[in-house]
Amino acid sequence: MLGNFSYSNPTKLYFGEDSLRFLDEELPKYGKNVMLTYGGGSIKKNGIYDQVVQILKENGKTIFEDPGVMPNPTVQKLYEGCRIAKENQVDLILAVGGGSTIDYAKAVSVSAYCDEDPWEKYYLRFEDVDNRIIPVGAVLTMVGTGSEMNGGAVITNPDTKLKIGHVFGENVFPKFAILNPAFTYTIPQYQMTAGFFDIMSHILEQYFSGEDDNTSDYISEGLLRSLIHSTRIAVKNPRDYEARSNIMWTATWALNTLIAQGKATDWMVHMLGQAVGAHTNATHGMTLSAVSMAYYRYIMKDGLEKFKRYAVNVWNVNPVGKTDEQIAAEGLDAMEAYMQSIGVVMHLKELGVTEEMIPGLVESTLVMKGGYRVLEKEEIAEIFRRSL
Ligand code: NZQ
Ligand code: ZN
């Protein structure tokens, strides 16, 4: 393992079917004013809202509601959340929802007391936080992003067609997160499978970098094998608790900084996907699935050793009598077949992308340098064309 690093993760997790009760242990640590942040109303339909509100009331909290966090939360919504948080002097932001709600809560937590425009400070200039941070707690209802145990906060600016993630430090990670796999049963199939692919993509973004023998890669292979096994079960039977619980746990470990230790990490699939998201507002995981095969086939030769290892260790490709290239390509074929079998989007056209949009997408794509190939603009355009 190369490189020097420090590692700690401050988020306390409560996992399992009875985990919501642990709010009773966490809430007394914070003041009276709680901002209850949630999305478009799924938590009201499935009863999670009522359960959370009851526990908040039992703990004597004053609730300030902040509903309506949309998938791919916008900068306009961020400004609104900052106003609610500041005006009511909230002591805790309790985010009940998926990655969008939790990301947004983190963005509000660092922005409410920020004297400058937070979009410019955090998302255009990528500066650190130097003002008061409101603590965030999370009740996770949608699995995929890992937002429950990391510092990521992705915000979209529809006017400038930019979707940008700021990865904040440990002081912004949720203080605690409640993970009840049964809360995820009501996620619509499309969102569920998008989340499954998001998890896979997070692991691959970290796995496909570096040449050294690194423990993180062995952990990644284990997570991938578990994910593939459980998602195959869950797409057929979404109420399989064992599968859903394994997927939930895998998602958290896929992006809570552990498997990035000692690694350069790539993140180019996410940059391509985020550009698509900024232009179409499509579901995050589907933007990743639509570009992944074209991207990985494009860079396969640059990271041949790792793609070969991926084929054998994750997809059980038999290497006997084959060239390295054949083995690596068979691994990618197996990945493609798996993606088709769980029903994720395989082409950008399905998300409303047209050939004419490609120059704009290229302009919105940030180029990362940690993977096996640093892409030129023309190569990015080519990958988008191959993804259509
Ligand atoms: O808004 P509601 O009504 O709650 O409905 C949501 C939403 O429509 C619904 N949903 C969530 N839980 C449900 C449910 N419906 C029924 N039952 C439930 N239990 O699902 C829809 C999608 O929710 P959303 O939070 O948008 O999904 P996800 O968790 O995939 O989050 C996506 C956002 O996270 C960002 C993405 O870019 C995107 O903005 N990401 C955050 C990352 C991070 N923090 O590290 C990394 C990721 O790569 C990603 O970029
Ligand atoms: Zn993602």
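Please read all numbers here as calculations on a predicted model, not as lab measurements.

Here the zinc ion (ligand 2) is held by the protein donor atoms Asp 198 (OD), His 202 (NE2), His 270 (NE2) and His 284 (NE2), which lie 2.0 to 2.1 Å from it. Mapped onto the sequence, the donors of the zinc ion (ligand 2) take the spacing D-x3-H-x67-H-x13-H. With a gap of 68 residues between them, His 202 in helix α7 (residues 189-207) and His 270 in helix α10 (residues 268-280) connect regions that are remote in the sequence. For His 202, a relative accessible area of 2% translates into the label buried.

Taken together, the 6 strands give an open sheet; going across it, the order is β1-β8-β5-β4-β2-β3, and neighbouring strands pair in parallel fashion. Each edge of the open sheet carries a strand with a single partner, namely β1 (12-15) and β3 (62-66). Sheet twist, expressed as the mean angle between neighbouring strand axes with direction ignored, is 20°. Alignment of strand β5 (residues 136-140) against strand β8 (residues 176-179), held across 4 bridges, turns out to be parallel. Across the sheet, residue Ala 138 finds its bridge partner in β8, namely Ala 177. In the packing of helix α9 (residues 241-254) onto the sheet, the strands contacted are β1, β5 and β8, and the crossing angle to β1 comes to about 170°.

This part takes up the site of ligand 1. Ligand 1 sits among 30 residues. The nearest are Gly 40, Ser 42, Gly 99, Ser 100 and Asp 103. A distance of 2.7 Å separates a nitrogen atom of ligand 1 from a polar atom in the side chain of Asp 103. Here a nitrogen atom of ligand 1 and a backbone polar atom of Ile 187 are 3.4 Å apart. Within the complex, 89% of the 960 Å² of free accessible area of ligand 1 lies under protein. Counting only elements with at least two residues in the shell around ligand 1, the list comes to α5 (99-111), β6 (152-157) and α7. Here the shell around ligand 1 is composed, by residue class, of 8 nonpolar, 19 polar and 3 charged.

Of all hydrophobic cores here, the largest spans 106 residues; its most connected members are Tyr 296, Tyr 310, Met 335 and Phe 384. For Phe 384, the contacting residues outside a window of four places in its chain are Leu 272, Ala 275, Val 276, Val 291, Leu 348, Ile 358, Leu 361, Val 362 and Thr 365. In terms of nonpolar packing, the next biggest core, distinct from the first, is built from 22 residues, Tyr 30, Ile 48, Val 52 and Leu 92 among them.

Per the UniProt annotation, the sites labelled "domain: Fe-containing alcohol dehydrogenase-like C-terminal" (unreviewed entry) are residues 195-387. As a span, residues 195-387 carries 65% helix and 0% strand, and end to end its C-alpha atoms are 20 Å apart.

What follows is about helix α13 (residues 324-342). Its 19 residues place the ends of α13 28 Å apart at the C-alpha level, agreeing with the 27 Å of an ideal helix rising 1.5 Å per residue. Residues of α13 that are buried: Ile 327, Ala 328, Gly 331, Leu 332, Met 335, Tyr 338, Met 339 and Ile 342. One side of α13 holds all its buried residues, which, seen down the axis, span an arc of 135°. Check the buried side of α13 and you find it contacts α7, α8 (215-236), α11 (284-299) and α12 (304-315). A positive backbone phi angle near 85° is found at Gly 343, which sits one or two residues after α13.

Further remarks concern the packing of α7 against α8. Between α7 and α8, whose axes approach to 10 Å, the crossing angle comes to 165°. Between α7 and α8, the interaxial angle falls into the category roughly antiparallel. Crossing of α7 against α8: the hand is left-handed. Residues Gln 189, Met 192, Thr 193, Phe 196, Ile 199, Met 200, Ile 203, Leu 204 and Tyr 207 of α7 form the contact with α8, whose participating residues are Asp 217, Ser 220, Glu 221, Leu 223, Leu 224, Leu 227, Ile 228, Thr 231, Ala 234 and Val 235. Residues belonging to the contact of α7 with α8 are distributed by class as follows: 13 nonpolar, 4 polar and 2 charged.

What follows covers the UniProt feature "domain: Alcohol dehydrogenase iron-type/glycerol dehydrogenase GldA" (unreviewed entry) in the protein chain. Feature annotation in UniProt places "domain: Alcohol dehydrogenase iron-type/glycerol dehydrogenase GldA" (unreviewed entry) on residues 10-181, given in this structure's numbering. For residues 10-181, the end-to-end C-alpha separation is 22 Å, with 30% helix and 24% strand making up the annotated structure.

Below, the discussion takes up the state of the cysteines. Under the definition given, this model contains 0 disulfides. Cys 82 forms no disulfide, and the closest cysteine sulfur to it belongs to Cys 114, at a distance of 8.1 Å. Cys 82 sits in the buried class, given a relative accessible area of 9%. Look at Cys 114 and you get buried, because its relative accessible area is 11%.

Let us now look at the environment of Ile 133. Within the secondary structure, Ile 133 is located in the loop between α6 (118-124) and β5. Looking at Ile 133, the relative accessible area reads 23%, which means it is partly exposed. For Ile 133 and Ser 292, which are 159 residues apart along the polypeptide, the C-alpha to C-alpha distance reads 36 Å. Residues within four places of Ile 133 in sequence aside, it is in contact with Ser 109, Val 110, Asn 171 and Val 172.

Turning to the pattern of salt bridges, a few remarks are in order. Using the criterion set out here, one finds 24 salt bridges in the structure. The partner of Glu 26 in a salt bridge is Lys 29, and the shortest N-O contact between them spans 3.0 Å. Between Arg 297 and Glu 336 there is a salt bridge, and its shortest N-O distance comes to 2.9 Å. Residue Arg 297 is located in helix α11, and its partner Glu 336 is located in helix α13; the two are separated by 39 residues in the primary sequence. Judged by its relative accessible area of 23%, Glu 336 falls in the partly exposed class. A cluster of three or more residues bridged by salt bridges with shared partners is formed by Glu 116, Lys 121, Arg 125, Glu 127 and Asp 130.

Conventions and cut-offs
Residues numbered from 1 in each chain as written. Chains lettered and ligands numbered in written order. Predicted model: local features only at pLDDT ≥ 70, side-chain atom pairs only at ≥ 80, totals over all residues. Heavy atoms only, no water. Donors = N, O, S within 2.8 Å, 3.2 Å for Na, K, Ca; no water. Helix = DSSP H or I, 4+ residues; strand = E, 2+ residues; numbered from the N terminus. Buried < 20%, exposed > 50% of the residue type's maximum accessible area, 1.4 Å probe, protein only. Pairing = 2+ DSSP bridges. Axes fitted to C-alpha atoms, helices over the stretch in contact; angles between N-to-C directions. Contact = heavy atoms within 4.5 Å. Near = heavy atom within 4 Å. Polar contact = N/O pair within 3.5 Å; in protein donor to acceptor, adjacent residues only side chain to side chain. Areas by Shrake-Rupley, 256 points an atom, 1.4 Å probe, with all protein chains shown as cover. Nonpolar A, V, L, I, M, F, W, Y, C, P; charged D, E, K, R; others polar. Core = buried A, V, L, I, M, F, W, Y, C linked by side-chain atoms within 4.5 Å. UniProt positions renumbered as here; feature names shortened; annotations may be inferred. Expected span 1.5 Å × (residues − 1). Arc of directions from axis to C-beta. Parallel < 35°, antiparallel > 145°, perpendicular 65-115°, else oblique. Left-handed = near helix turned anticlockwise from the far one by under 90°. Disulfide = S-S within 2.5 Å. Salt bridge = Lys/Arg side-chain N within 4 Å of Asp/Glu carboxyl O.

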